[in-house]
Amino acid sequence: ADFIVWAKQNNVPVGPGRGSGAGSLVAFSLGITDIDPLRYSLLFERFLNPERVSMPDFDIDFCQETREKVIHYVQDKYGADAVSQIATFGTMTSKAVIKDVGRVLGLPYGLCDSLSKLILNTPAKGYGLLEAYEEFPELKQRIDNADDEVRRLWDMSLQLEDLTRNVGKHAAGVLIAPSKLSDFCPLYLADGMQTSQLDKDDVESIGLVKFDFLGLRNLTIIQEAVKNIDSLHGVKLHLSNSEFDDPKVYELLQAGNTSAVFQLESQGMKRLLVKLEPSRFEDIIAVLALYRPGPLGSGMVDDFVKRKKGEAEIDYFHPDLRESLDPTYGVIVYQEQVMQISQIIGGYTLGGADLLRRAMGKKKKEEMDKHRATFTDGALKKGYAAALAEKLFDLMAMFAEYGFNKSHTAAYAVISYHTAYLKAYYPACFMAATLSSELDKTDKLYEFYQDCLANDLTVLPPDINHSFYRFTPVQLDTDGKVEYGIRYALGAVKGLGQNVVDVIVAERKQNGAFTDLIDFCRRVDKKVINKRT
């Protein structure tokens, strides 16, 4: 709470919450999260379970460009010797080890590359060498018919696979210890920042708490858009974390006009929004949870859309489950709903229900059989029919692998709503901020530029007398009618760095507009601007 409150007071945007921590009412009361867990049935036991005690950990989203300020604040507050980042270890994976060994043996790059390409990264963790040998006939054939050189490469690679190759720095993890960190674990310096020599799992096992300071680009965009609105319209906008019922926002979502809207910008997501026609905040929360390969493949999404539109009947299984399943039209979408059903029908405590949810996710047969008996007995004791208990248990087991953590998706839905609100009411200010966040990515700039045109926003060309380093929203007077457009950024012109643009802008402010090229060359320092610039 301390460093989040500091960040908010010092102009560092902080996300409304993420992960299961958003289910904690204490976190909401302390200002760690910004979404009321009672209003959206977010369960505390999904975050901290009294029946399975593990360290709670908050992942916190900060504005990408200013998160370092928060880390420096934490160092100052708790002592530089008590705060560090966390090491990560890169290993020689199956594909990499072949290239590494080949390089040391002096074998041609093409040979090693072609071998390594025969191993596909299909499962999330990638195949090991021996698994790949069994799995891919082409690789097996190459190795079985290999000459001595390739044989030697393969045998060495097998011995070295999965050894630690290099040490890096965890992208977001920060340790804060009660006293000097060297009392707890070895340290080293990486890029001038003190870093633990243990990775995140080992750090936790010796009892230290890790905090994740994540950078989220969209928070930077929202902050910049709000500044743009202030300078262009003179409006000091405060985005609410409790009012989510603006009809104009839902019109934008229903039209699928969601390029640049957080997590709703893919083509597939746009199609789903048009089909679903979201009309309340709960629909946004659900869409973020449903748009994943599992639910899409299982037919859940179509079922959800039909029920929402009244094309299919809503089945709550039992009147007692109506409150829990109403936000999702009777479809089990969230892990929290699995927990609520276990509590209401099976007589579980919420802590026990969280253990059941985990067991279902892991699909361990013995554990599942034990839970099935407990669930059915509990249901009978509470006066429910055994057939209902069996049916619900099978349904929950089927949905458990697709179930999503509602605390996380509800917090992220807030950012989706805020970005949709900005696009609906202040498109020029919002799109200027979005374009500015992608200055060096030409393909992204082109995509957003097309979206500006589709939304009737004029994009003015870069101008030495009017452009700044970033994209800026501007007021246009067309035939006495006030419209808004965007002035192209000098920073998006290839080969111009920020220093150069700052010098040009400063000269322009001090001594007025440039009259022609000669005037420009005379007034701007040659040390800064070379021929190419």
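All of the points below concern the structure found in this document. (Residues numbered from 1 in each chain as written. Predicted model: local features only at pLDDT ≥ 70, side-chain atom pairs only at ≥ 80, totals over all residues. Heavy atoms only, no water.)

## Focus on the overall build of the protein
Regarding its fold elements, the protein presents 25 helices and 9 strands. For the protein, the C-alpha atoms occupy an extent of roughly 90 × 70 × 55 Å along the three principal directions. Among the 533 residues that make up the protein, the fraction classed as buried is 48%. Taking contacts inside the protein between residues at least 6 apart in sequence as the whole, the part at least 24 apart equals 68%. Only carbon and sulfur atoms are counted for the fraction: they give 52% of the accessible area of the protein, which is about 26,400 Å². Where the 63 positive side-chain charges of the protein centre and where its 74 negative ones centre are 3 Å apart. (Helix = DSSP H or I, 4+ residues; strand = E, 2+ residues; numbered from the N terminus. Buried < 20%, exposed > 50% of the residue type's maximum accessible area, 1.4 Å probe, protein only. Contact = heavy atoms within 4.5 Å. Areas by Shrake-Rupley, 256 points an atom, 1.4 Å probe, with all protein chains shown as cover. Lys, Arg positive; Asp, Glu negative; His and termini not counted. Charge placed at Lys NZ, Arg CZ, Asp CG, Glu CD.)

## A few points about the pairing of strand β3 (residues 164-176)
Examined bridge by bridge, strand β2 (residues 83-91) and β3 share 8 bridges and lie antiparallel to one another. Note on β3: the bridge partner recorded for threonine 91 is threonine 164. (Pairing = 2+ DSSP bridges.)

## Some thoughts on the packing of helix α4 (residues 94-104) against helix α8 (residues 148-160)
At their nearest, the axes of α4 and α8 sit 9 Å apart, and the two run at 120° to each other. The orientation of α4 with respect to α8, classified from their angle, is oblique. For the crossing formed where α4 meets α8, the hand is right-handed. In this structure, α4 uses Val97, Ile98, Val101 and Gly102 to contact α8, whose residues at the interface are Leu153, Trp154, Met156, Ser157 and Leu160. A class-by-class count of the residues in the contact of α4 with α8 yields 7 nonpolar, 2 polar and no charged. (Axes fitted to C-alpha atoms, helices over the stretch in contact; angles between N-to-C directions. Parallel < 35°, antiparallel > 145°, perpendicular 65-115°, else oblique. Left-handed = near helix turned anticlockwise from the far one by under 90°. Nonpolar A, V, L, I, M, F, W, Y, C, P; charged D, E, K, R; others polar.)

## Here we look at the sheet that holds strand β9 (residues 481-487)
On the basis of which strands lie adjacent, the open sheet formed by 3 strands has the order β7-β9-β8 and mixed pairing. Of all the strands in the sheet, just β7 (458-460) and β8 (472-478) have a single pairing partner and so form its edges. Sheet twist, expressed as the mean angle between neighbouring strand axes with direction ignored, is 45°. Relative to β9, β7 is paired through 3 bridges, and the arrangement is parallel. The residue bridging leucine 460 from the neighbouring strand is arginine 487, located in β9. Sheet strands in contact with helix α10 (residues 217-233) are β8 and β9, and its direction is about 35° off that of β8. In this fold helix α22 (residues 427-436) packs onto β8 and β9, with an angle of close to 5° to the strand it touches most, β9.

## A closer look at the packing of α4 against helix α5 (residues 109-117)
Helix packing for two helices is described by the angle between their axes and how far apart those axes are. For the pair α4 and α5, the least separation of the axes is 9 Å and the interaxial angle reads 165°. With respect to their mutual orientation, α4 and α5 come out roughly antiparallel. By crossing handedness, the relation of α4 to α5 is classed as right-handed. Side by side, α4 and α5 meet where Lys95, Ile98, Lys99 and Gly102 of the first sit next to Tyr109, Cys112, Asp113, Leu115, Ser116 and Lys117 of the second.

## Description of a nonpolar patch on the surface
The grouping of Tyr446, Tyr449 and Leu453 at the surface amounts to a nonpolar patch, some 300 Å² of accessible area in total. Take tyrosine 446: it is sitting in helix α23 (residues 442-454). Here tyrosine 446 falls in the exposed class, since its relative accessible area comes to 52%. (Patch = residues over 30% accessible without salt bridge, like charges linked within 9 Å, V, L, I, M, F, W, Y side chains within 5 Å. Salt bridge = Lys/Arg side-chain N within 4 Å of Asp/Glu carboxyl O.)

## Describing the sheet that holds strand β5 (residues 193-196)
A sheet is described by the order of its strands in space; here 6 strands give the open sequence β1-β6-β3-β2-β5-β4, paired in mixed fashion. Here the strands that pair on one side only, and so sit at the sheet edges, are β1 (59-63) and β4 (187-190). When strand polarity is set aside, the average angle formed by the axes of neighbouring strands in this sheet is 50°. Taken strand by strand, α10 contacts β1 and β6 (210-216), and its axis lies near 55° from that of β6.

## Concerning the pattern of salt bridges
Oppositely charged side chains may form a pair once their charged atoms are brought near each other. For the structure on display, the rule yields 32 salt bridges. A salt bridge links aspartate 113 to lysine 117; the nearest nitrogen and oxygen atoms lie 2.8 Å apart. One end of the pair is aspartate 113 and the other is lysine 117, both in helix α5 and 4 residues apart, which spans about a single turn. One salt bridge connects arginine 523 with aspartate 519, and the closest N-O pair in it is separated by 3.0 Å. Taken as a pair, arginine 523 and aspartate 519 lie in helix α25 (residues 517-523) at a separation of 4 residues, close to a single helical turn. Bridged by salt links that share partners, the residues Lys99, Asp113 and Lys117 form one connected network.

## Observations concerning unusual backbone geometry
The phi dihedral of asparagine 11 is positive, around 65°, even though this residue is not glycine. Inspection of the secondary structure assignment puts asparagine 11 in the loop between α1 (2-9) and α2 (25-29). At glutamine 263, a position not held by glycine, the phi torsion is positive, near 60°. Considering the arrangement of structural elements, one finds glutamine 263 in the loop between α11 (247-254) and α12 (267-276). Judged by relative accessible area, glutamine 263 falls into the partly exposed class, the value being 39%.

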